[in-house]
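Read off the chains here:
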Amino acid sequence: MFEAVETGAEVSKADHARREAAVRERLVQVQQRLRQAPFSVVVTVAGDDRRGQREVVNLLAEWLDPRGVEVNVFTHPSGEEAERPLFWRYWRALPAAGRIGVFADAWFEHALSRRLVKDAGKETWAGDLEACRRFEELLHADGTLVLKYFLHLDAASARRHLKKARADRAQRWQIAGKANRLLLTDRDRSLRICEQALAATGSPCAWTLVESADRRHRDLTVAEHLLAALDARLASPAPAKPRSEER
């Protein structure tokens, strides 16, 4: 699965500057159109590139009009959240119609981390993934545009990230948690688990795999895909209302 995106793609500084200017302008324009749309947009950012996830989430927060986007990064549940079902805090953070919600360290990452650190056996793991799939299925059925990006590092890039994380105190957060550390140190097992997770949660909302080694390529790939998906959805007829809303 991952070999397909390990192409070594790179974007030059000049090409990046040209494409960045165009995509940023068009993203703001499409957000203006989205404000009147009867649906919301949920963007999830995951991957075996933890540093890349943080950078892409920050990028989207910077490039999108802040008046129409909400960024949600989930840490350990608060006391109130811990007393409620797991997905309660994700439901609460869903964006209203006409808005974009960016989600990191959310439902998929929660399930993935539990399996990486062996907190979830096979049956629990399967249940976690099915819960993620059902959650996204409900969003999709309700008309939400769900876009999912998985950022992937090739083996050499993962080794460079690990070396830098060990040497640079500012980057040490990448290996501070056991799940984060395993993504960089136990690559064979971690990538097998990632492949299983992607396969189990790829429908009805498909994953977009993004080669993450080159920052400029990664950023433009996500931004341009997001722009194209928004354009396509805004140009299509409004989706049918869920059966529960029909009168």
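Summary of the structure given here. (Residues numbered from 1 in each chain as written. Predicted model: local features only at pLDDT ≥ 70, side-chain atom pairs only at ≥ 80, totals over all residues. Heavy atoms only, no water.)

### Some remarks on the overall build of the protein
When helices and strands are tallied, the protein shows ten helices and five strands. For 247 residues, the compact-globule formula gives about 18 Å, and the C-alpha radius of gyration of the protein, at 18 Å, lands near that figure. For the protein, the spread of C-alpha atoms along the principal axes amounts to about 55 × 50 × 35 Å. In the protein, which comprises 247 residues, the share counted as buried stands at 49%. Considering only residue pairs separated by 6 or more positions, the protein has 79% of its internal contacts joining residues 24 or more positions apart. Split by element, the accessible area of the protein, about 12700 Å² in all, is 50% carbon and sulfur. Charge-centre separation for the protein: the mean point of 41 positive side chains lies 3 Å from the mean point of 36 negative side chains. (Helix = DSSP H or I, 4+ residues; strand = E, 2+ residues; numbered from the N terminus. Rg over C-alpha atoms; globule rule 2.2 N^0.38 Å. Buried < 20%, exposed > 50% of the residue type's maximum accessible area, 1.4 Å probe, protein only. Contact = heavy atoms within 4.5 Å. Areas by Shrake-Rupley, 256 points an atom, 1.4 Å probe, with all protein chains shown as cover. Lys, Arg positive; Asp, Glu negative; His and termini not counted. Charge placed at Lys NZ, Arg CZ, Asp CG, Glu CD.)

### Quick word on the pairing of strand β3 (residues 100-104)
Among the five residues of β3, five are classified as buried, and the element is accordingly described as predominantly covered. By the alternation rule, side chains of β3 split into Ile100, Val102 and Ala104 and Gly101 and Phe103, which are all buried. Taken together, the five bridges between strand β1 (residues 41-47) and β3 define a ladder with parallel strand orientation. Looking at β3, one finds that Val41 is bridged to Ile100. Strand direction decides the pairing type here: strand β2 (residues 69-73) and β3, joined by five bridges, are parallel. (Pairing = 2+ DSSP bridges.)

### Points about empty space enclosed by the protein
A full pass over the atoms with the stated rule returns two cavities of 30 Å³ or more. Roughly 50 Å³ of internal volume is contained in the largest cavity. Lining the largest cavity, in full, are Thr44, Val45, Ala46, Phe103, Ala104, Asp105, Ala106, Trp107, Phe108 and Glu109. Among the elements of the structure, β1, β3 and α5 (107-116) are those that each provide at least two residues to the lining of the largest cavity. Grouping the constituent residues of the lining of the largest cavity by class yields seven nonpolar, one polar and two charged. Each pocket or cavity is described by its volume, and for the second largest cavity that value is around 30 Å³. Lining the second largest cavity we find Arg50, Glu109, Leu112, Ser113, Leu116, Ala179, Asn180 and Leu183. For the lining of the second largest cavity, the secondary-structure elements that each account for two or more residues are α5 and α8 (178-185). Per-element tally for the lining of the second largest cavity: the top contributor is α5, with four residues. (1 Å grid on protein atoms, 1.4 Å probe; cavity = no way out; pocket = protein on both sides within 12 Å on 5 of 7 lines; lining within 4 Å. Points joined across faces, edges and corners; volume = space filled by probe spheres on them. Nonpolar A, V, L, I, M, F, W, Y, C, P; charged D, E, K, R; others polar.)

### Side note on the pairing of strand β5 (residues 207-211)
Of all the five residues making up β5, four are buried; the element is thus mostly covered by neighbouring parts of the structure. Here five bridges tie strand β4 (residues 145-152) to β5, and the two strands are oriented parallel to one another. Its bridge partner lying in β5, Tyr149 is registered against Thr208.

### Here's the deal with the nonpolar core
Ranked by size, the top nonpolar core spans 33 residues in total, and within it Trp107, Phe108, Leu112, Trp125 and Phe150 carry the most contacts. Among the secondary structure elements, those contributing two or more residues to this core are β1, α5, α6 (122-141), β4, α8 and α9 (187-200). If near-sequence neighbours (up to four positions away) are discounted, Phe108 is found in contact with Ala46, Cys132, Phe150, Ala197, Leu198, Thr201 and Trp207. Of all hydrophobic cores here, the second largest spans 32 residues; its members include Val11, Leu34, Ile100 and Leu151. (Core = buried A, V, L, I, M, F, W, Y, C linked by side-chain atoms within 4.5 Å.)

### Looking at the layout of surface pockets
By volume, the largest pocket is sized at about 840 Å³. Lining the largest pocket are 26 residues, with Arg50, Phe74, Thr75, Asp105 and Ser113 positioned closest to its centre. If you list the elements that add at least two residues to the lining of the largest pocket, you get α2 (50-63), α4 (88-92), α5 and α8. Among the elements that line the lining of the largest pocket, the one with the most residues is α2, at five residues.

### Some words on the packing of aromatic side chains
If you walk through the whole model with that rule in mind, you get twelve aromatic pairs. Centroid distance Phe87 to Tyr90: 5.5 Å. Interplanar angle 80 degrees. Geometry classified as edge-to-face. Grouping residues by exposure puts Phe87 and Tyr90 together as buried. Put simply, the rings of Phe74, Phe87, Tyr90, Trp91, Phe103, Trp107 and Phe135 touch in pairs and so form one group of aromatic residues. Here the basic side chain of Arg84 rests over the ring of Trp88, its NZ or CZ set 4.4 Å away from the ring centre. Geometry around Phe39 places Arg233 over its ring, the cationic atom sitting 4.1 Å from the centre. (Phe/Tyr/Trp six-rings, centres within 6.5 Å; stacked < 30°, edge-to-face > 60°. Lys NZ or Arg CZ within 6 Å of the ring centre and 35° of its normal.)

Take it as geometry only, folks, not as evidence of what the structure does.
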